Amino acid sequence: MRTFTSLDDVAAAAGTEIGTSEWLVVDQARIEAFADATLDHQWIHVDVDAAAAGPFGTTIAHGFLTLSLLPHFASEVFRLETPGARLNYGLEKVRFPSPVPVDSKLRSHVRFGEVRDLPAGKQLIVEHTVEIEGHDKPACVAQHVVLLLA
């Protein structure tokens, strides 16, 4: 776990690998809870019998479920204890190269990308590559934009 206590520390880590999260199992209960929370009950996610006969042979996690796990993965790799507010500003370049079959294990490889100066602080790009255990292609590749206000 890396802890960043100043904006200068964050800027100094730009372009570096920060670490890798622990594995997290995405089971059917998590998929169904996400479906309930988002009202996205597409059969490929929640109908076990129909999905067994579908293109992946099982249910798969929503892409946005995988995306929603980024804050969790980040919290296992680093902490921002910089002065001032830390705000979720959005996402850039999100892709889902591979579906996540039920009961898959996921983890994220975290890297700090560009750190831009702003009048009120810094803008940090946190790059995530979410790995599926035993698969060649990642489940998700995304850039999370965080504002660090002084």
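Residues numbered from 1 in each chain as written. Predicted model: local features only at pLDDT ≥ 70, side-chain atom pairs only at ≥ 80, totals over all residues. Heavy atoms only, no water.

**Regarding the overall build of the chain**
Note the threshold: Secondary structure counts use DSSP, requiring at least four H or I residues in a row for a helix and at least two E residues in a row for a strand, with both numbered from the N terminus. Only protein chains enter the area calculation, which uses a 1.4 Å probe; residues under 20% of their type maximum are buried, those over 50% are exposed, and those in between are partly exposed. Between two residues, a contact is recorded if the distance between any of their heavy atoms is within 4.5 Å. Using a 1.4 Å probe, the Shrake-Rupley method yields the accessible areas, and only the shown protein chains count as cover for residues. Asp and Glu are treated as the negative residues and Lys and Arg as the positive ones, with His and the ends of the chain left uncounted. Working definition for charges: the position is that of NZ of Lys, CZ of Arg, CG of Asp or CD of Glu.
Along the chain, the regular secondary structure elements total six helices and eight strands. Taken over the C-alpha atoms alone, the chain extends approximately 55 × 30 × 20 Å along its principal axes. The buried share among the 150 residues of the chain stands at 39%. Sequence separation of 24 or more characterises 70% of the internal contacts of the chain that already satisfy a separation of 6 or more. As displayed, the chain offers around 7800 Å² of accessible surface, 52% of which is attributable to carbon and sulfur atoms. Mean positive and mean negative side-chain charge positions of the chain (12 and 20 charges, respectively) differ by 8 Å.

**Some remarks on helix α6 (residues 70-77)**
The condition is simple: Directions are taken from the helix axis to each C-beta atom, and the arc is the one they span.
Along α6, the residues classified as buried are L70, F73, A74 and V77. In a view along the axis of α6, the buried residues occupy a sector of 100°, so they form one face of it.

**With respect to the layout of surface pockets**
In plain terms, the rule: Two kinds of site are reported from a 1 Å grid over the protein atoms alone, namely cavities, where a 1.4 Å probe fits but cannot get out, and pockets, open sets with protein on both sides within 12 Å along at least five of seven lines, and residues are called lining when an atom falls within 4 Å of a point. Grid points are joined across faces, edges and corners, and a volume is the space filled by probe spheres set on the points. Each residue receives one of three labels: charged for Asp, Glu, Lys and Arg, nonpolar for Ala, Val, Leu, Ile, Met, Phe, Trp, Tyr, Cys and Pro, and polar for the others, Gly being one of them.
Of the volumes computed, that of the largest pocket is approximately 190 Å³. In terms of lining residues, the largest pocket is bounded by P71, A74, S75, F78, R79, L80, R86, L87, N88, V126, H144 and V146. Put simply, the parts of the chain that give the lining of the largest pocket at least two residues each are α6, β4 (78-80), β5 (86-95) and β8 (140-149). Among the residues forming the lining of the largest pocket, the class breakdown is seven nonpolar, three polar and two charged.

**Observations concerning the packing of aromatic side chains**
Which entries qualify depends on this criterion: Each aromatic pair joins two rings of Phe, Tyr and Trp (for Trp, the six-membered one) with centres within 6.5 Å, and gets the label stacked for planes under 30 degrees apart, edge-to-face for over 60, and tilted for any other angle.
Tallied over the full model, the rule gives three aromatic pairs. When the centroid spacing of 5.0 Å and the interplanar angle of 35° are considered together, the rings of F4 and F112 count as tilted. Highlighted residues: F4 in strand β1 (residues 2-4) and F112 in strand β6 (residues 104-118), separated in sequence by 108 residues. Residues F4 and F112 agree in their burial class; the two are buried. Plain terms: the ring middles of F78 and F112 are 5.1 Å apart, the flat faces sit at 90° to each other, and that makes the pair edge-to-face. Here F78, found in strand β4, pairs with F112, found in strand β6; they are 34 residues apart in sequence, far enough to count as distant. Accessibility assignment for this pair places F78 and F112 in one class, buried. Taken together, the ring pairs in this structure connect F4, F78 and F112 into an aromatic cluster.

**Some thoughts on the environment of A150**
Position of A150 relative to the elements: it lies in the segment after β8. A150 sits in the exposed class, given a relative accessible area of 75%. Once residues within four sequence positions are removed from consideration, A150 is found in contact with L7, P83, G84, A120 and G121.

**Describing the nonpolar core**
As a rule of thumb, soluble globular proteins bury nonpolar side chains together. Put simply, the test is: In these notes, a set of buried Ala, Val, Leu, Ile, Met, Phe, Trp, Tyr and Cys residues joined through side-chain atoms within 4.5 Å is what counts as a nonpolar core.
Judged by nonpolar contacts, the single largest core of 18 residues is most densely connected at V26, V100, L106 and V130. At the level of elements, β3 (24-26), α2 (28-38), α5 (63-68), α6, β7 (121-132) and β8 are the ones that each hand at least two residues to this core. Not counting residues within four places of it along the chain, the set of residues in contact with V130 comprises T66, L70, F73, L106, R107, S108, P138, A139 and C140.

All quantities given are derived from atomic positions and should not be read as evidence of function.
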